[in-house]
Number of protein chains: 2
Amino acid sequence: MSDLDQLAINTIRLLAVDAVAKANSGHPGAPMGLAPAAHVLFQQMRFNPKDPAWLNRDRFVLSNGHACALLYSLLHLFGYDLGIEDLKQFRQLHSKTPGHPERGIPGVEVTTGPLGQGVGNAVGIAIAQKHVAAKFNKPQFSLIDGYTYCFFGDGCMMEGVASEAASLAGHLQLGNLICFYDDNHISIDGDTKFAFTEDVGKRLEAYGWHVITVKDANTDLAGIAAAIEEAKKVTDKPSCIRLVTTIGFGSLQAGTGSVHGSPLKPDDIIQVKKKFGFDPEKTFYVPKEVYELYAKTSKAGAAAEQEWQQLFAKYQQQYPELGEELARRLTDKLPQGWEKALPRYTPQDKALATRKLSEMVLTSISDIVPELIGGSADLTPSNLTRVSNAVDFQPPSLKIGDYSGRYIRFGVREHGMGAIMNGIAAFGSNLRPFGGTFLNFVSYAAGALRLAALSHHPVIWVATHDSIGLGEDGPTHQPIETLAHFRAIPNLMVWRPADGNEVSAAYYKSLSSEKTPSVIALSRQNLPQLEGSSIEKAAKGGYTLVSTDKPDVILVASGSEVSISVEAAKVLANKGIKANVVSIPDFFTFDRQPRDYQLSVLPNGVPSLSVEVMSTAGWSKYSHEQFGINTFGASGKAADIYKSFEFTPEGIADRAEKTYNFYKGHELLSPLNKAFESIHYF
Amino acid sequence: MSDLDQLAINTIRLLAVDAVAKANSGHPGAPMGLAPAAHVLFQQMRFNPKDPAWLNRDRFVLSNGHACALLYSLLHLFGYDLGIEDLKQFRQLHSKTPGHPERGIPGVEVTTGPLGQGVGNAVGIAIAQKHVAAKFNKPQFSLIDGYTYCFFGDGCMMEGVASEAASLAGHLQLGNLICFYDDNHISIDGDTKFAFTEDVGKRLEAYGWHVITVKDANTDLAGIAAAIEEAKKVTDKPSCIRLVTTIGFGSLQAGTGSVHGSPLKPDDIIQVKKKFGFDPEKTFYVPKEVYELYAKTSKAGAAAEQEWQQLFAKYQQQYPELGEELARRLTDKLPQGWEKALPRYTPQDKALATRKLSEMVLTSISDIVPELIGGSADLTPSNLTRVSNAVDFQPPSLKIGDYSGRYIRFGVREHGMGAIMNGIAAFGSNLRPFGGTFLNFVSYAAGALRLAALSHHPVIWVATHDSIGLGEDGPTHQPIETLAHFRAIPNLMVWRPADGNEVSAAYYKSLSSEKTPSVIALSRQNLPQLEGSSIEKAAKGGYTLVSTDKPDVILVASGSEVSISVEAAKVLANKGIKANVVSIPDFFTFDRQPRDYQLSVLPNGVPSLSVEVMSTAGWSKYSHEQFGINTFGASGKAADIYKSFEFTPEGIADRAEKTYNFYKGHELLSPLNKAFESIHYF
Ligand SMILES: [Ca+2]
Ligand SMILES: [Ca+2]
């Protein structure tokens, strides 16, 4: 390697060393080991630091997100809006250089850190690249032809989420995905021989990947470059370049676990700076030549973008419809008036499962919202996520679809699906991913769901079989804690619609959202179309469905329990107790309504009872008393289970009467009144 | 195959067909395809249906739990306490034959259904077998020498949890684990070519497994038997026998997705019964010869157990100490007085992180409680789960431990760890597994955690870095929704101890528990030893730590916020507001205290404020007002983050004052008063 290469690589290493040392916190080892590969990779990547959102850039995902000092150093050196002062603020509160990469920092594609997620994100981005390319590219107009690169470490490869995503990537033949495995034989417990002795390359080959090894990725820059070239030539398989590296290269502790997650000792820092020919007195030092070297790449990237913009302008002339569509998508706006296609219902319409009503929404909007892309984790006939004219997203060679297809067969890989959806959403061009599974198995993907919320990916989980109402499959499949869990995640909508209008509202709000993901919990069983529901009312997150003059009690319910509560109100009326029925399909949305409106739904002075066939946790926000199931469900016919737990009109009326009697004659505020403002999202 | 073999296999198939048909719900396809393998496998297994808990039985796990009609049929035919009437009650409420296998049914080792979990359970059982064998076996006394068998399907192999567990099983060289892969090319979406085209055998080989293929597992019984023999001979690798089968063998829909999850059509049932030489008029028919055939196996199993009991009696004479220990363990009781070893603290003892205090508990009890076995998901130096004299559970050939070791290096495989812990707990001999990771990443294992609670496995999650107090790692690592989620899971203790005495109490209750798993949330940062805490008080789940005469307000806190609340009470005292401080380290345990005691802690008439640095969801059970963080955390120094969210003595006092003022002069009941009894666990 040239002296300049060496200088640049060591600059990256020492920026990471200095950032971690100044913070007295962080991970210097992986940056020092991966700097050579990053140096080679980034110089041949196509990106414009002045426009990090340019659609046809190459993407880079750091799945081993703890190595972010590497990424921040690169972003700084290549000219992203991340100054040397930002590097000095590494891991400090409100800095642009937090402890793990967060989407929103210029040049950071996805939020990573929780291991394995980045691999799934990269698969998602690569899927999006393939799909948008298949949809928009035309002869002479190679609008989308970038690569998705990903670094990952041993930790990522041990995580199931990465395994799931890697298997699907192999199946999908994603030749545009090129990953680098940092094979440094070290994880936090020490040598990987303690727990991780599998043959990673062989495993990836079994998934259908192309695997290349660079035996000395500490020094063999030509070998790294050649491996990237080889990987690019393999267009029908994702590639993994196995980099044999030394963690903490240059440190006295190189090759040991002690450089993984702790700053280098002061004398080690002096030692390594001297060894690299740097002045040990200087910190955060960047030689001018290094800035200049990397500026070439960025300049070339800026030129490439300019060329692309010209190409796109021509494209818009030659293919006005597609051009207009892509231009629209680049504004992150859905087609105007798309929401007019959402189905509306009257009480005369027949009772249907909300999962079926969800299918009807997807059927209605699929052609109108062409950026809708998604599928199911091998539960298509149960989730009803595939509209009848769908084309599968598949490698053309399998002859069961092609890359322009929008229906993704995720396989039984919920966690991988979640990470992949996040990656698709991160790609840009307004792709709106959805993924189906049973509500109970969204929990398998909790890690990815949380990251969707944290990273503002407005993905949609189509979560059917949402309660004990699924019946015979029993307690292993029946959610109890699930909605309490999801409702406690900041920035997540958790819809549980009660009928067709509410299903339409759930999709309306979910697709209108630009920063908030959704889980839409849907019933397996049929539910009647409600008198008094509407898309507009449900779109407020909560509303009064049955209104009486001066109610004695308010029943507050969601989903399948709303119609039973309406029946319960009739039972109560027969007893001389006047009950309102409130439907709250989504807490997040209702929480954001004006105070006056909220209080009109849940006024002072009226006792309220929440009704939902799962954990009562969280419902005290909107009710004085809670009727729920704080135990596990059971296998049996749905009607038998409902009856057994007393979620019948009579059982609900009984609790409502007790609630009414309990508070009768007592002063009572609406549960919405609180002593102080809480710390919440936004 | 002989006519009798054929008859027996078809009997199994038709019992499954009839059970599913009668329930009009269930999965006939896999039972029909797997019946030949089950027939061969079960006849060569060692078990005694009259004593399903016999320690040295072979174990069988049905990871594709939806195929439970197969398992129930086998259990019936081999003479377990499961009558033909029970098969007729398949999938009916409160039957012994629920929609997925549930631990507690005679002969069912683990609860399965959520895909992939059973593979992890089987790995855990095999680990337990290896460990108990290494600990107790002596020359001439092969007390533990059984095998762990597992059936799994395509769905299991797509799930990350199974991948994680399989990789670890290969590393651990579990030669006693023999799995059968039902390679029938069908999953719910249809042909596996839609999403699952990887080379499963090659993948397992990459993990270090021995793979054998039976090309026609519909008819080649000799081939299946030979494969099992071969697998048993490979003692240093887990084996996978790939069975190429036809889903729904015999049905008109054989080999298609339509036999996966729906009953056979009535005319198809007639057709298949005729084809198999059965009377189509008869249902649930078992030829006498079939009962007789399988009774031979069960009789041999009973004899084997008798022999074993004699051997064990001799063993107890020859090795009295070990014999006594194993005999004790078989009663599921810990050594008497073990809890006396739990450390106790006074306010003079130094401030320590509760993760450190957890390490001190483990150090104190490790030798005294020899059935404690566990480790960490590659976070040993952070979780502090490894006591200094620990021996690693490792294959001896690696020379870094042996199978008698009790410290398990799980690798970065939280979900696999959870499923494996459940399996270890299911093995018997009172093994008490624990597993360490960051609290936030217990969520990766949500599927397994839930199953621990549902199946009554008293496993312990050592969940360190439990809040924003972990500091620089930032929001990707800081739990917000996590405790709300876990507290909403029925039958789960969620401890968040505030100091050393509370840590000891958490372990005391967790290890004393026989049916309830625990998550113990532990701080990264140091916490003072509290005035007024004790193991006995904390063991009630909640108690008054700071008591004043006629308090104006009660601060209710957990973990690291308890000591800050004590300081806040002093700030309030300076303002003339008298505050009690209540510590609630575990909701589950506090909920089970007598009403009088609960009301003595949270009396009527006093407003209360909960204080915890994460989601407020769930806290209304014990407080009128909630101070928490319903948004994501941040990367920075822990002290800076606490200050930024105002979780300081002043910030808490401010909310407490507002709470006091808000309720002043108003009638107020304790939040413990409810209008009716809720449906809860137990
Ligand atoms: Ca590593
Ligand atoms: Ca299958």
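Just so it is clear, the structure is predicted and the values come from calculations on it, not from any experiment.

(A) Seen up close, the overall build of chain A. Secondary structure assignment for chain A yields 25 helices and 22 strands. Compactness check: chain A gives a C-alpha radius of gyration of 28 Å against a globular reference of 26 Å for 682 residues, within 12% of the reference. Long-range pairs, those at least 24 residues apart, make up 77% of the contacts in chain A between residues at least 6 apart in sequence. Carbon together with sulfur atoms contributes 51% to the accessible area of chain A, which is approximately 21,300 Å² in total. Once the 65 positive and 72 negative side-chain charges of chain A are each reduced to a mean point, those two points are 2 Å apart.

(B) Highlighting the layout of surface pockets. Residue and element names in this part refer to chain A. Estimates place the volume of the second largest pocket at around 1,200 Å³. Elements represented by at least two residues in the lining of the second largest pocket include exactly α11 (288-318), α15 (414-427) and α17 (446-455). Across the lining of the second largest pocket, the residue classes tally to 23 nonpolar, 17 polar and eight charged.

(C) Just the UniProt feature "binding site: thiamine diphosphate" (unreviewed entry) in chain A, in detail. Residue and element names in this part refer to chain A. UniProt feature "binding site: thiamine diphosphate" (unreviewed entry): in the numbering of this structure it lies at His66, Gly113, Pro114, Leu115, Gly155, Asn184, His260 and Phe441. These residues run over 376 residues, and the two farthest C-alpha atoms among them are 34.2 Å apart, placing them at more than one spot. Following the sequence through the fold, His66 ends up in the loop between β1 (59-62) and α3 (68-77). Setting aside chain neighbours within four positions, we find His66 in contact with His27, His100, Leu115 and His260. Within the secondary structure layout, His260 lies in the loop between β7 (239-244) and α10 (266-275). His260 sits in the buried class, given a relative accessible area of 13%. Setting aside chain neighbours within four positions, we find His260 in contact with Gly26, His27, Pro28, Gly29, His66, Ile188 and Ile247.

(D) How the structure looks around the coordination of the calcium ion (ligand 1). All names here are of chain A. All of the protein donors around the calcium ion (ligand 1) are Asp154 (OD), Asn184 (OD1) and Ile186 (O); their distances to the metal are 2.2 to 2.4 Å. If you list the donors of the calcium ion (ligand 1) from N- to C-terminus, the spacing comes out as D-x29-N-x1-I. In this pair, Asp154 is assigned in helix α6 (residues 154-158) and Ile186 in strand β4 (residues 186-187), connecting sequence segments 32 residues apart. A relative accessible area of 9% places Ile186 in the buried class.

(E) Summary view of the pattern of salt bridges. Within this structure, the stated rule accounts for 66 salt bridges over all chains. Note that A:Lys674 is salt-bridged to B:Glu625, the shortest N-O span being 4.0 Å. In this pair, A:Lys674 sits in the loop between α25 (649-663) and β22 (679-680) while B:Glu625 sits in strand β20 (residues 625-627), so the two residues belong to two different chains. When the shortest N-O distance is used, the salt bridge between B:Lys288 and B:Glu292 registers 3.1 Å.

(F) Fine view of the UniProt feature "binding site: substrate" (unreviewed entry) in chain A. Residues and elements named next belong to chain A. Mapped onto the present numbering, the UniProt feature "binding site: substrate" (unreviewed entry) falls at His27, His260, Arg355, Ser382, His465, Asp473, His477 and Arg524. Annotated residues spanning 498 residues; largest pairwise C-alpha distance 48.1 Å, indicating distribution over more than one region. As for its placement among the helices and strands, Arg355 is situated in helix α13 (residues 354-365). Classification of Arg355 as buried rests on a relative accessible area of 16%.

(G) Expanded view of the relation of the copies chain B and chain A. For these two chains of identical sequence, chain B goes onto chain A by a turn of 180° and a shift of 0.0 Å along the axis, with RMSD 0.0 Å. One copy is carried onto the other by what is essentially a two-fold rotation axis. When C-alpha positions in chain B are compared against the rotation axis, the closest is assigned to B:Gly160, at 1.8 Å. A share of 100% of the interface residues of chain B reappears at the interface of chain A, consistent with the copies meeting face to face through the same patch.

(H) Spatial organisation of the pairing of strand β6 (residues 210-214) of chain B. Residue and element names in this part refer to chain B. Inspection of the sheet shows β6 paired to strand β7 (residues 239-244) by five bridges, in the parallel sense. Directly across from His210, in β7, lies its bridge partner Ser239. For the crossover from β6 across helix α9 (residues 221-233) to β7, the handedness is right-handed.

(I) Representation of the coordination of the calcium ion (ligand 2). Bound to the calcium ion (ligand 2) are the protein donor atoms B:Asp154 (OD), B:Asn184 (OD1) and B:Ile186 (O), situated 2.2 to 2.4 Å from the metal. In terms of primary sequence, the donors binding the calcium ion (ligand 2) are separated according to D-x29-N-x1-I.

(J) How the structure looks around the confidence of the model for chain A. Residue and element names in this part refer to chain A. Across chain A, pLDDT averages 98, with 100% of residues at or above 70. Mean pLDDT in chain A bottoms out at β22, which sits at 81, and peaks at strand β14 (residues 518-521), which reaches 99. In the predicted complex, the global pTM is 0.99; the interface-specific ipTM is 0.98.

(K) Structural view of the sheet that holds β7(A). Residues and elements named next belong to chain A. In spatial order, the strands read β1-β2-β3-β7-β6; together these five strands make up an open sheet with parallel pairing. Of all the strands in the sheet, just β1 and β6 (210-214) have a single pairing partner and so form its edges. Ignoring which end each strand starts from, the neighbouring axes of this sheet average 20° apart. Relative to strand β3 (residues 177-183), strand β2 (residues 148-153) runs parallel, the two being bridged by six bridges. Of the residues in β3, the one forming a bridge with Gly153 is Asp182. The strands touched by helix α2 (residues 29-44) within the sheet are β1, β2, β3 and β7, with β2 carrying the most contacts at an inclination of about 170°.

(L) Representation of helix α1 (residues 3-23) of chain A within the structure. Residues and elements named next belong to chain A. In this model, α1 (21 residues) spans 30 Å end to end at C-alpha, consistent with the 30 Å of a helix rising 1.5 Å per residue. Taken across its 21 residues, α1 has 15 buried, putting it largely inside the fold. Looking one or two residues past α1, Asn24 carries a phi angle of roughly 55°, positive in sign.

(M) Spotlight on the domain arrangement of chain A. Residues and elements named next belong to chain A. Along its sequence, chain A is organised into domain 1 (3-302), domain 2 (338-527) and domain 3 (539-663). On a C-alpha basis, the centroid separation for the pair domain 1 and domain 2 is 32 Å. Interface of domain 1 and domain 2: buried area, both sides summed, is about 2,700 Å²; carbon and sulfur atoms make up 67% of it. The largest share of the area that domain 1 buries against domain 2 comes from His131, Glu164 and Leu168, three residues that together contribute 21% of it. Taken together, the links from domain 1 to domain 2 amount to zero salt bridges. Top contributing element to the side of domain 1 that touches domain 2 by residue count: helix α5 (residues 117-136), with 14 residues. Among the residues making up the side of domain 1 that touches domain 2, the classes are represented as 15 nonpolar, 10 polar and seven charged.

Rules and cut-offs
Residues numbered from 1 in each chain as written. Chains lettered and ligands numbered in written order. Predicted model: local features only at pLDDT ≥ 70, side-chain atom pairs only at ≥ 80, totals over all residues. Heavy atoms only, no water. Helix = DSSP H or I, 4+ residues; strand = E, 2+ residues; numbered from the N terminus. Rg over C-alpha atoms; globule rule 2.2 N^0.38 Å. Contact = heavy atoms within 4.5 Å. Areas by Shrake-Rupley, 256 points an atom, 1.4 Å probe, with all protein chains shown as cover. Lys, Arg positive; Asp, Glu negative; His and termini not counted. Charge placed at Lys NZ, Arg CZ, Asp CG, Glu CD. 1 Å grid on protein atoms, 1.4 Å probe; cavity = no way out; pocket = protein on both sides within 12 Å on 5 of 7 lines; lining within 4 Å. Points joined across faces, edges and corners; volume = space filled by probe spheres on them. Nonpolar A, V, L, I, M, F, W, Y, C, P; charged D, E, K, R; others polar. UniProt positions renumbered as here; feature names shortened; annotations may be inferred. Buried < 20%, exposed > 50% of the residue type's maximum accessible area, 1.4 Å probe, protein only. Donors = N, O, S within 2.8 Å, 3.2 Å for Na, K, Ca; no water. Salt bridge = Lys/Arg side-chain N within 4 Å of Asp/Glu carboxyl O. Least-squares fit on C-alpha atoms with pLDDT ≥ 70 in both. Pairing = 2+ DSSP bridges. Right-handed = clockwise from strand over helix to strand, strands pointing away. pLDDT = per-residue confidence, 0-100. Axes fitted to C-alpha atoms, helices over the stretch in contact; angles between N-to-C directions. Expected span 1.5 Å × (residues − 1). Domains from an automatic or database assignment. Buried area = accessible area lost by both parts, 1.4 Å probe.

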